[in-house]
Amino acid sequence: MGYPYRVYNPALDAYVEISKPVERVVSLHPGVTETLFMIGVGHKVVATDAFSYRPPEAKKLPKIGSYIHVKWEALEELKPDIIFTTTGAQKELTRALIEKGYKVYPVPVPVTVHDIITGVVVVGTVMGEFERARALEQSLVDAVNNLARVQRRVKVYVEFDLGGPITPGFPTHVSDAIRLLGGVNIFDDDPTAYFVPNPEEVRKRSPDVVIVEPKRLVEHEVARLKESLIARGLGEFMDKVVFTQGDFLAHTGPSFITEAMPWLANVLSNAGKPQSR
């Protein structure tokens, strides 16, 4: 492989030139951070966003930003060859980074499970790690193909705690994963990616299982979220509620496929059985 080479970016509608081997990386998106480590270039990551803690090694790296902010002085000292961001909420941050002269590659927010796999190929292309990216891609495809599907169409309601209840609609990796596993998101007919659910609409759609994702799975959070469901008139579904470990289904890195989807498959297969939490 020779340098320089160019990688097209659909969000920018432009090519990002990779003029030399990338040695210093800043990742401002948890899914990309995890991907970098899984294709064997975690040692090149010099800093991440505050939410990148997968794998455990990423926790030890300097945290220089969030989804919408960055510590500019710290970033200047790091002198990264490339900064990975994502689309959507980081649109303005991406623009600001480019205006300050940084080389930035925004990775599109996945709307399907296969978009997560495509993201691996994209990150691998930018990093010049073609073989390792292909190997991870193949392992993730195999993992999806090997997952068991439920035999009946289990209706699923998913609720994220993001300062209030938020649920995924049709164009999301979560809704896609549920369908791939044989279930159906009760809001799979809504074209909005993430929105505040109407409790009455949830009741009308009568889910077979309710998946609630807290920020962290701790006792007081579980109690608070149960109270919230009851207060919104969803107490009739309490025996169908399952809690994730927190920041689990919302994650868009490869471990969504290797860890979250098997967990989800198990939840679907046990739908209708009384839940312990």
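This is a predicted model, so every value here is computed, not measured. Along each chain, residues carry numbers from 1 onward, in the same order as the chain's sequence is written. Note on the predicted model: pLDDT of at least 70 is required for a residue's local features to be given, and 80 or more for side-chain atom pairs to be given and counted; whole-chain, interface and lining totals, by contrast, use all residues. Side-chain measures were taken over the full set of non-hydrogen atoms in the model, leaving aside hydrogen atoms and water.

Caption draft 1: Inspection of the overall build of the protein chain at higher detail. Helix and strand counts for the protein chain come out as ten helices and 13 strands. C-alpha atoms define the radius of gyration in this analysis, and the globule rule sets the expected value at 2.2 Å times the number of residues to the power 0.38. A compact globule built from 277 residues would reach a C-alpha radius of gyration of about 19 Å, and the protein chain, at 20 Å, matches this within 12%. In terms of overall dimensions, the protein chain has a C-alpha envelope of 60 × 40 × 35 Å along the principal axes. Long-range contacts, defined here as pairs at least 24 residues apart, represent 62% of the contacts in the protein chain between residues at least 6 apart. Each accessible area is a Shrake-Rupley result for a 1.4 Å probe, and residues are judged covered by the shown protein chains and nothing else. When the accessible surface of the protein chain is totalled, it reaches about 13200 Å², and 53% of it is carbon and sulfur. Lys and Arg are tallied as positive, Asp and Glu as negative. Neither His nor the chain termini are counted. By convention, the point assigned to a charge is CZ for Arg, NZ for Lys, CD for Glu and CG for Asp. Distance between charge centroids for the protein chain: 2 Å, based on 32 positive and 34 negative side chains. Counting from the N terminus, the helices are DSSP H or I runs at least four residues long and the strands are E runs at least two residues long. Contacts were defined at the residue level, with two residues in contact if any of their heavy atoms lie within 4.5 Å.

Caption draft 2: Representation of the packing of helix 5 (residues 113-127) against helix 10 (residues 255-269). Here, axes are lines fitted to C-alpha atoms. For helices the fit covers the stretch in contact, and angles between N-to-C directions go from 0 to 180 degrees. Across the interface, helix 5 lies against helix 10 with an axial gap of 10 Å and an inter-helix angle of 150°. What the angle tells us is that helix 5 and helix 10 run roughly antiparallel. When helix 5 is examined against helix 10, the residues Val113, Ile116 and Ile117 are found in contact with a partner set consisting of Phe256, Ile257 and Met261. For the contact of helix 5 with helix 10, the per-class residue count stands at six nonpolar, no polar and no charged. In these notes the angle categories are as follows: under 35 degrees is roughly parallel, over 145 is roughly antiparallel, 65 to 115 is roughly perpendicular, and the rest is oblique. Think of it as three bins: nonpolar holds Ala, Val, Leu, Ile, Met, Phe, Trp, Tyr, Cys and Pro, charged holds Asp, Glu, Lys and Arg, and polar takes everything else, Gly as well.

Caption draft 3: How the structure looks around the layout of surface pockets. Any residue with an atom within 4 Å of a point lines the site, the site being either a cavity, points on a 1 Å grid over the protein atoms alone where a 1.4 Å probe fits but cannot get out, or a pocket, an open set with protein on both sides within 12 Å along at least 5 of 7 lines. Grid points are joined across faces, edges and corners, and a volume is the space filled by probe spheres set on the points. The volume enclosed by the largest pocket comes to roughly 860 Å³. Looking at the largest pocket, it is lined by 30 residues, and the ones nearest its centre are Tyr67, Leu162, Asp247, Ala250 and His251. Of all the secondary structure elements, the ones that give two or more residues to the lining of the largest pocket are helix 1 (30-38) and strand 8 (155-161). Its residues placed into classes, the lining of the largest pocket shows 16 nonpolar, ten polar and four charged. Taken as a whole, the second largest pocket holds about 230 Å³ of empty space.

Caption draft 4: Broad picture of the packing of aromatic side chains. A pair of aromatic rings is counted whenever rings of Phe, Tyr or Trp (Trp by its six-membered ring) have centres within 6.5 Å, and the orientation is called stacked for planes under 30 degrees apart, edge-to-face for over 60 and tilted otherwise. Following the criterion strictly, the structure yields nine aromatic pairs and no others. With a centroid separation of 5.4 Å and 85° between ring planes, the pair formed by Phe187 and Phe195 is classed as edge-to-face. Partly exposed residues are those whose accessible area sits between 20% and 50% of the maximum for their type, while under 20% is buried and over 50% is exposed, using a 1.4 Å probe and protein chains only. Taking the relative accessible area as the measure of exposure, Phe195 reaches 15% and is therefore buried. Grouping aromatic residues by their ring pairs yields a cluster made of Tyr3, Tyr5 and Phe130. Over the face of the ring belonging to Tyr15 we find Arg6, whose NZ or CZ atom lies 4.1 Å from the ring centre. Any Lys NZ or Arg CZ that is within 6 Å of a ring centre and within 35 degrees of that ring's normal is treated as a charge sitting over the ring.

Caption draft 5: Just the pattern of salt bridges, in detail. Salt-bridge detection follows one rule: a side-chain nitrogen of Lys or Arg within 4 Å of a carboxyl oxygen of Asp or Glu. In total, this model carries 13 salt bridges according to the counting rule given. The residue Asp81 makes a salt bridge to Lys20 at a minimum N-O spacing of 3.7 Å. With Asp81 in the loop between helix 3 (72-78) and strand 6 (82-86) and Lys20 in the loop between strand 2 (14-18) and strand 3 (25-27), the pair connects residues that are 61 residues apart, well separated along the chain. Judged by relative accessible area, Lys20 falls into the partly exposed class, the value being 48%. Taking the shortest distance from any N to any O, the salt bridge between Arg203 and Glu200 comes out at 2.2 Å. Pair noted here: Arg203 and Glu200 are both in helix 8 (residues 199-205), with a separation of three residues, about one helical turn. The exposure class assigned to Arg203 is partly exposed, which follows from its relative accessible area of 26%. On the basis of relative accessible area, Glu200 is assigned to the partly exposed category, the value being 36%. One continuous salt-bridge network, built from bridges that share partners, spans Asp161, Glu221 and Arg224.

Caption draft 6: A look at empty space enclosed by the protein. According to the stated counting rule, one finds one cavity of 30 Å³ or more in the structure shown. Each pocket or cavity is described by its volume, and for the largest cavity that value is around 30 Å³. Residue lining of the largest cavity: Tyr157, Val202, Val210, Leu229, Leu234, Phe237 and Val241, and that is the complete set. Among the residues making up the lining of the largest cavity, the classes are represented as seven nonpolar, no polar and no charged.

Caption draft 7: Expanded view of the side chain of Thr86. Tracing the chain through its elements places Thr86 in strand 6. The class of Thr86 is buried, set by a relative accessible area of 7%. Separated by 2.7 Å, the side chain of Thr86 and the backbone oxygen of Val107 make a polar contact. Ignoring anything within four residues of it in the chain, the contact list for Thr86 reads His29, Lys91, Thr94, Pro106, Val107, Pro108 and Val109. Polar contact criterion, stated in full: a pair of N or O atoms within 3.5 Å, where within protein one must be able to donate a hydrogen and the other to accept it, and residues adjacent in sequence count only if both atoms are side-chain atoms.

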